[in-house]
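# Structural characterization, general
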Amino acid sequence: MTENFKDAPTSINEARATKEDDCRHLTPRDVLIAILRRIDAGELNPTQLAVVYAVEEARNTLTAIRRTGAVTETVGMLEIAKFDLMESSEIS
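One structure accompanies this document, and this report is about it. (Residues numbered from 1 in each chain as written. Predicted model: local features only at pLDDT ≥ 70, side-chain atom pairs only at ≥ 80, totals over all residues. Heavy atoms only, no water.)

Notably, D21 is not glycine yet its phi reads approximately 50 degrees, a positive angle. Looking at where D21 falls in the secondary structure, it is placed in the loop between α1 (12-20) and α2 (28-40). The class for D21 is partly exposed, based on a relative accessible area of 41%. Of note in this structure, R59 is not a glycine but carries a positive phi near 70 degrees. Structurally, R59 is set in the loop between β1 (50-57) and β2 (60-67). (Helix = DSSP H or I, 4+ residues; strand = E, 2+ residues; numbered from the N terminus. Buried < 20%, exposed > 50% of the residue type's maximum accessible area, 1.4 Å probe, protein only.)

Encoded structure:
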């Protein structure tokens, strides 16, 4: 089991998504590992984190969130993220 993702390799999907500037090539796992890689390498030092995910179950899509920080802080962070998503198509 990997406790430090600093040296975790870039997946083929991640490389392709970066090259083509198209996040549709990424899997949820690719995104999580990319973030962990940057945190463990010291490139990111987040004070808060929110992970929103959807799961398909019996014709229903269930959405859930795991977060750190207070609810009001998380809502503010999500509003900023929503604005950024609408303004940019970059992979970051």
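Attention now goes to the pairing of β2. The pairing of β1 with β2 spans eight bridges and is antiparallel. Counterpart to A50 in the pairing with β2 is R67. Counted along the chain from β1 to the antiparallel partner β2, the turn is two residues long, and its residue A58 has a positive phi close to 40 degrees. (Pairing = 2+ DSSP bridges.)

Moving on, we get to α2. For α2, spanning 13 residues, the distance from its first C-alpha to its last is 18 Å, which sits close to the expected 18 Å at 1.5 Å a residue. Among all positions of α2, only D30, I33, A34 and R37 are buried. Taken end-on, α2 shows its buried residues confined to a sector of 105 degrees, consistent with a single buried face. Among the structural elements, α1 are those in contact with the buried residues of α2. Backbone geometry just after α2 places G42 at a positive phi near 85 degrees. (Expected span 1.5 Å × (residues − 1). Arc of directions from axis to C-beta. Contact = heavy atoms within 4.5 Å.)

A cluster of nonpolar residues, V31, I35 and L44, forms a patch on the protein surface that exposes about 190 Å² of accessible area. Relative to the helices and strands, V31 resides in helix α2. (Patch = residues over 30% accessible without salt bridge, like charges linked within 9 Å, V, L, I, M, F, W, Y side chains within 5 Å. Areas by Shrake-Rupley, 256 points an atom, 1.4 Å probe, with all protein chains shown as cover. Salt bridge = Lys/Arg side-chain N within 4 Å of Asp/Glu carboxyl O.)

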